[in-house]
Amino acid sequence: GHCNPRRNWKAKIDAEEKALGNWSGKQRREKKEGKLNPFKISLLESIGFVFDTFKQRWDNFVVKLNEFLALNGKLPENLSDIKDQREIICMLRNSRKMPRKILGN
C-alpha cells in the first residue's frame, strides 16, 4: 500500500478508500494550519505519510525528467505517443504555474 489515498469524488474508488482519503486530507490541512499535534506528525511521517503531495509529485517528475535526459540526451518529443514522454511534456508546460517555493526560486 501507500500513504496517499485518493479522495477525488470523480474517481471510481470504494467507500473505504474515500474515507481514508478524506481523513488524510484532514491531517494535511490540520498540519498546514498548525493544529496537528507534533507527536501525530512524527508518527505519520514514520510510516511514510506524505504531507505535501504537490511537492512529492514535483520531485517524482524531476526524477523522471533526469532519467529521460540521461538516457536520451534531449527532451521528449512534443507529440509523442509514449505515456511517460507525454507526462513529462505536460509537467513541463504546467511548471510555469507552480509556486516558486516548489521550483526553488
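Predicted, not measured: the structure shown is a model, and the values here were computed from it.

Cut-offs and rules
- Residues numbered from 1 in each chain as written.
- Predicted model: local features only at pLDDT ≥ 70, side-chain atom pairs only at ≥ 80, totals over all residues.
- Heavy atoms only, no water.
- Helix = DSSP H or I, 4+ residues; strand = E, 2+ residues; numbered from the N terminus.
- Buried < 20%, exposed > 50% of the residue type's maximum accessible area, 1.4 Å probe, protein only.
- pLDDT = per-residue confidence, 0-100.
- Salt bridge = Lys/Arg side-chain N within 4 Å of Asp/Glu carboxyl O.
- Core = buried A, V, L, I, M, F, W, Y, C linked by side-chain atoms within 4.5 Å.

### Focus: the environment of phenylalanine 61
Here phenylalanine 61 lies in helix H3 (residues 53-72). Residue classification places phenylalanine 61 among the buried residues on the basis of a relative accessible area of 6%. A sequence separation of 31 residues divides phenylalanine 61 from leucine 92, and the C-alpha atoms of the two residues are 9.1 Å apart.

### Here we look at the confidence of the model for the chain
Here the chain averages 80 in pLDDT, and 76% of its residues register 70 or above. Mean pLDDT across the elements of the chain ranges from a minimum in helix H5 (residues 100-103), with 51, to a maximum in helix H2 (residues 38-46), with 96.

### Comments concerning the pattern of salt bridges
In total, this model carries four salt bridges according to the counting rule given. Here lysine 26 and glutamate 30 are joined by a salt bridge, their closest N and O atoms 3.8 Å apart. Of this pair, lysine 26 and glutamate 30 both sit in helix H1 (residues 15-32), separated by four residues, roughly a single helical turn. A relative accessible area of 38% places lysine 26 in the partly exposed class. For glutamate 30, a relative accessible area of 21% puts it in the partly exposed group. Glutamate 87 is the partner of lysine 64 in a salt bridge, and the nearest nitrogen-oxygen pair spans 2.6 Å. Of this pair, lysine 64 sits in helix H3 while glutamate 87 sits in helix H4 (residues 83-94), placing them 23 residues apart in sequence.

### Quick notes on the nonpolar core
Residues Trp58, Phe61, Leu65, Phe68, Ile88 and Met91 constitute the largest nonpolar core, which totals six residues. Of all the secondary-structure elements, those providing two or more residues to this core are H3 and H4. Top element by residues in this core is H3. It accounts for four residues. Core analysis: the second largest hydrophobic core is formed by five residues, Leu36, Leu44, Phe49 and Phe51 among them.

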